[in-house]
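# Reading the structure
Spelled out from the first residue to the last, the chains are:
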Amino acid sequence: MDSIGRPLRHFLTLLDLSPDEAGALLQRATELKRLVRSGERFEPLKNRTLGMIFEKSSTRTRVSFEVGMTQLGGHALFLSPQDTQLGRGEPVEDSARVLSRMVDAVMIRTFEQRTLERFAECSLVPVINGLTDRFHPCQLLADVLTYQEHRGSIRGRTVAWIGDGNNMCHSYVNAARLFDFELRIACPEGFRPDPANLAGAGDRCTLMQSATQAVENADLVVTDVWTSMGKEQEQKQRRQAFARFKVDEALLGNAAPDALFMHCLPAHRGEEVSAAVIDGPQSVVWDEAENRLHAQKALLEFLLAA
Ligand code: CP
Ligand code: NVA
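So, here is what we can say about the structure in this document. What you see is a predicted model; the values in this text were computed from it and never measured. (Residues numbered from 1 in each chain as written. Chains lettered and ligands numbered in written order. Predicted model: local features only at pLDDT ≥ 70, side-chain atom pairs only at ≥ 80, totals over all residues. Heavy atoms only, no water.)

### Topic: the site of ligand 2
The environment of ligand 2 is made up of L131, N166, N167, D224, V225, S228, M229, C264 and L265. Between ligand 2 and the protein, one listed contact pairs a nitrogen atom with a side-chain N or O atom of D224 at 2.6 Å. For ligand 2, an oxygen atom lies 2.8 Å from a polar atom in the backbone of M229. The fraction of the free accessible surface of ligand 2 (270 Å²) that becomes covered by protein chains is 94%. Among the detected pockets, ligand 2 sits in the largest pocket. In terms of residue class, the shell around ligand 2 is built from five nonpolar, three polar and one charged. (Near = heavy atom within 4 Å. Polar contact = N/O pair within 3.5 Å; in protein donor to acceptor, adjacent residues only side chain to side chain. Areas by Shrake-Rupley, 256 points an atom, 1.4 Å probe, with all protein chains shown as cover. 1 Å grid on protein atoms, 1.4 Å probe; cavity = no way out; pocket = protein on both sides within 12 Å on 5 of 7 lines; lining within 4 Å. Sits in = over half its atoms within 2 Å of the grid points. Nonpolar A, V, L, I, M, F, W, Y, C, P; charged D, E, K, R; others polar.)

This is the structure we're talking about:
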């Protein structure tokens, strides 16, 4: 139970939401975006605090959660392992017990999904996944919101994932289940998503042999860095392995004429995406980045507001 007697909810993967809840949450994000843009104040989280634990770097996640809490009338607390006892070996479970007696929710960016789960198991307040090696669910809320804003419902659309079968790819697989779209995945051998994750999505997700095949007539083309945080020692090997998985104008030309391009950022122009694509007319990456703020405000309200 949470502090006001409701069942405690966490957001560790997208599948912690039902399809109806996810749809309503994105609808609410649109309303909150309109409210803030009209200059209206909406502060349901007055005197509430979000603890944010970052074991990896971040620009968008940190700023969007911090600004989101400010806009909702609350406060966000940045906690890095270097400056807390977490970095000196205090168990995750003990940290969860202590922090959750003081803050109202905790966002964690860490390596293993299991660390996040261990924290959540001992937490008295909602825990949010701000990225693990396995999933990045907050980004998917923003991506689907962005697609909706530009093209309407993503239901029944075709999405092409090009590149690494990483945390973002796994969350796209979950999103295909939750929002009911077709996902085609093209990754080099050895970098494909976990079959167990894929299996859950049934026939909505298909592994393709080539990037060209995956992109054919797609409504949305998505990629991500070839070397995620924590994999830096594999960078050279990855550059070679991913050479045929770059999103450039020629590849995007195979998608539907009104296809959109997304990338969670940070991007490496000339590696996973060409400058012509990411800075071109089909790219919606800046809206996508901004929508982290609006989608997460709706998430915070959903998890916290009385
Ligand atoms: N997309 C994303 O999560 O960006 P940051 O790593 O900057 O938070
Ligand atoms: N896959 C990337 C996403 C960064 C937001 C990483 O984990 O580094």
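### A look at the environment of Q296
Turning to its location among the elements, Q296 is positioned in helix α12 (residues 285–304). Residue classification places Q296 among the buried residues on the basis of a relative accessible area of 0%. Separated by 267 residues in the primary sequence, Q296 and A29 have C-alpha atoms spaced 7.8 Å apart. Residues in contact with Q296, not counting those within four places in the same chain, are T61, S64, F65 and C138. (Helix = DSSP H or I, 4+ residues; strand = E, 2+ residues; numbered from the N terminus. Buried < 20%, exposed > 50% of the residue type's maximum accessible area, 1.4 Å probe, protein only. Contact = heavy atoms within 4.5 Å.)

### Regarding the nonpolar core
Inside soluble globular proteins, nonpolar side chains tend to come together where they are buried. In terms of nonpolar packing, the biggest core is built from 57 residues, with Y172 and L183 touching the most fellow members. Considering every element that reaches this core, the biggest residue donor is helix α6 (residues 167–179), with eight residues. Counting residues in each nonpolar core, the second largest holds 22 residues, with F245, L252, A259 and L265 among its members. (Core = buried A, V, L, I, M, F, W, Y, C linked by side-chain atoms within 4.5 Å.)

### Observations concerning the site of ligand 1
If you check the shell around ligand 1, you find S58, T59, R60, T61, R109, H136, Q139, C264, L265 and R292 and nothing else. R60 has a polar side-chain atom sitting 2.8 Å from an oxygen atom of ligand 1. Here Q139 contributes a side-chain N or O atom positioned 3.0 Å from a nitrogen atom of ligand 1. The fraction of the free accessible surface of ligand 1 (250 Å²) that becomes covered by protein chains is 95%.

### So, the pairing of strand β6 (residues 182–186)
Extensive coverage of β6 is indicated by the burial of four of its five residues. Relative to β6, strand β5 (residues 158–162) runs parallel, the two sharing five bridges. Looking at β6, one finds that T158 is bridged to E182. Between the parallel elements β5 and β6, the chain passes through α6 in a crossover that is right-handed. (Pairing = 2+ DSSP bridges. Right-handed = clockwise from strand over helix to strand, strands pointing away.)

### A few points about the pairing of strand β1 (residues 49–54)
The buried fraction of β1 amounts to six of the six residues, a majority that puts the element mostly inside the structure. Along β1, one buried face is formed by T49, G51 and I53 and the opposite face, lined by L50, M52 and F54, is buried too.

### Let's talk about the packing of helix α5 (residues 137–151) against α6
Remark: α5 packs on α6, axes separated minimally by 9 Å, with the N-to-C direction vectors making an angle of 55 degrees. Relative to α6, α5 is oriented oblique. You can see that α5 and α6 cross each other, and the crossing is right-handed. Listed contacts from α6 to P137, Q139, L140, D143 and V144 of α5 are M168, S171, Y172, A175 and F179. Split by residue class, the contact of α5 with α6 holds seven nonpolar, two polar and one charged. (Axes fitted to C-alpha atoms, helices over the stretch in contact; angles between N-to-C directions. Parallel < 35°, antiparallel > 145°, perpendicular 65-115°, else oblique. Left-handed = near helix turned anticlockwise from the far one by under 90°.)

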